[in-house]
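A closer look at the structure
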Amino acid sequence: MRIKADVVKCQGYGNCVGVDAKHFDLDDDGLVVVLDEVVDPSEMETVDAAIRSCPVSAIWRAGADA
Ligand code: SF4
């Protein structure tokens, strides 16, 4: 699966980075950056926790097994 992000929705809370700093970071404007869009199945649980942590639903799963 892949991770998608909407920087228009993102409010820069940084929750996702706190949960999963391997896949998420904030840019100089304080908005989410997906560091590694392709997620290994073994990392899905952590990515899902990061997705759930976002209060504005600015990150989500996409792809065949999403
Ligand atoms: S938790 Fe959501 S709003 Fe906060 S930085 Fe991540 S994507 Fe943006």
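What you see is a predicted model; the values in this text were computed from it and never measured.

Now for empty space enclosed by the protein. Inspection of every chain in the model, using the stated rule, returns one cavity of 30 Å³ or more. Within this model, the largest cavity holds a volume of roughly 80 Å³. Lining the largest cavity are 13 residues, and of these Cys-10, Tyr-13, Gly-14, Cys-16 and Cys-54 sit closest to its centre. Of the residues belonging to the lining of the largest cavity, the class tally is nine nonpolar, four polar and no charged.

This part takes up the nonpolar core. General note: in soluble globular proteins, nonpolar side chains tend to be found buried as a group. Core analysis: the biggest nonpolar cluster contains 15 residues, and Cys-16, Phe-24, Val-32, Val-47 and Ile-59 have the highest contact counts within it. Elements that contribute at least two residues to this core include exactly helix H1 (15-19) and helix H2 (44-53). Among the elements that make up this core, the one with the highest residue count is H2 (four residues). The contact partners of Val-32, leaving out residues within four places of it in the chain, are Ala-5, Val-7, Cys-10, Cys-16, Phe-24, Asp-25, Leu-26 and Ile-59.

On the surface, a cluster of negative charge is contributed by Asp-25, Asp-27, Asp-28 and Asp-29. Mapping Asp-28 onto the fold places it in the loop between strand E2 (24-26) and strand E3 (32-34).

The next point concerns the pattern of salt bridges. Counting across every chain of the model gives four salt bridges. The residue Glu-37 makes a salt bridge to Arg-2 at a minimum N-O spacing of 3.0 Å. Of this pair, Glu-37 sits in the loop between E3 and H2 while Arg-2 sits in strand E1 (residues 2-5), and the two are 35 residues apart along the sequence. On the accessibility criterion, Glu-37 (32% relative accessible area) is partly exposed. When its relative accessible area of 39% is taken as the criterion, Arg-2 is described as partly exposed. The partner of Arg-61 in a salt bridge is Asp-48, and the shortest N-O contact between them spans 2.6 Å.

Moving on to the side chain of Ser-53. Inspection of the secondary structure assignment puts Ser-53 in helix H2. Its relative accessible area of 18% is what places Ser-53 among the buried residues.

Cut-off values and rules
Residues numbered from 1 in each chain as written. Predicted model: local features only at pLDDT ≥ 70, side-chain atom pairs only at ≥ 80, totals over all residues. Heavy atoms only, no water. 1 Å grid on protein atoms, 1.4 Å probe; cavity = no way out; pocket = protein on both sides within 12 Å on 5 of 7 lines; lining within 4 Å. Points joined across faces, edges and corners; volume = space filled by probe spheres on them. Nonpolar A, V, L, I, M, F, W, Y, C, P; charged D, E, K, R; others polar. Core = buried A, V, L, I, M, F, W, Y, C linked by side-chain atoms within 4.5 Å. Buried < 20%, exposed > 50% of the residue type's maximum accessible area, 1.4 Å probe, protein only. Helix = DSSP H or I, 4+ residues; strand = E, 2+ residues; numbered from the N terminus. Contact = heavy atoms within 4.5 Å. Patch = residues over 30% accessible without salt bridge, like charges linked within 9 Å, V, L, I, M, F, W, Y side chains within 5 Å. Areas by Shrake-Rupley, 256 points an atom, 1.4 Å probe, with all protein chains shown as cover. Salt bridge = Lys/Arg side-chain N within 4 Å of Asp/Glu carboxyl O. Lys, Arg positive; Asp, Glu negative; His and termini not counted. Charge placed at Lys NZ, Arg CZ, Asp CG, Glu CD.

Geometry only, nothing functional implied.
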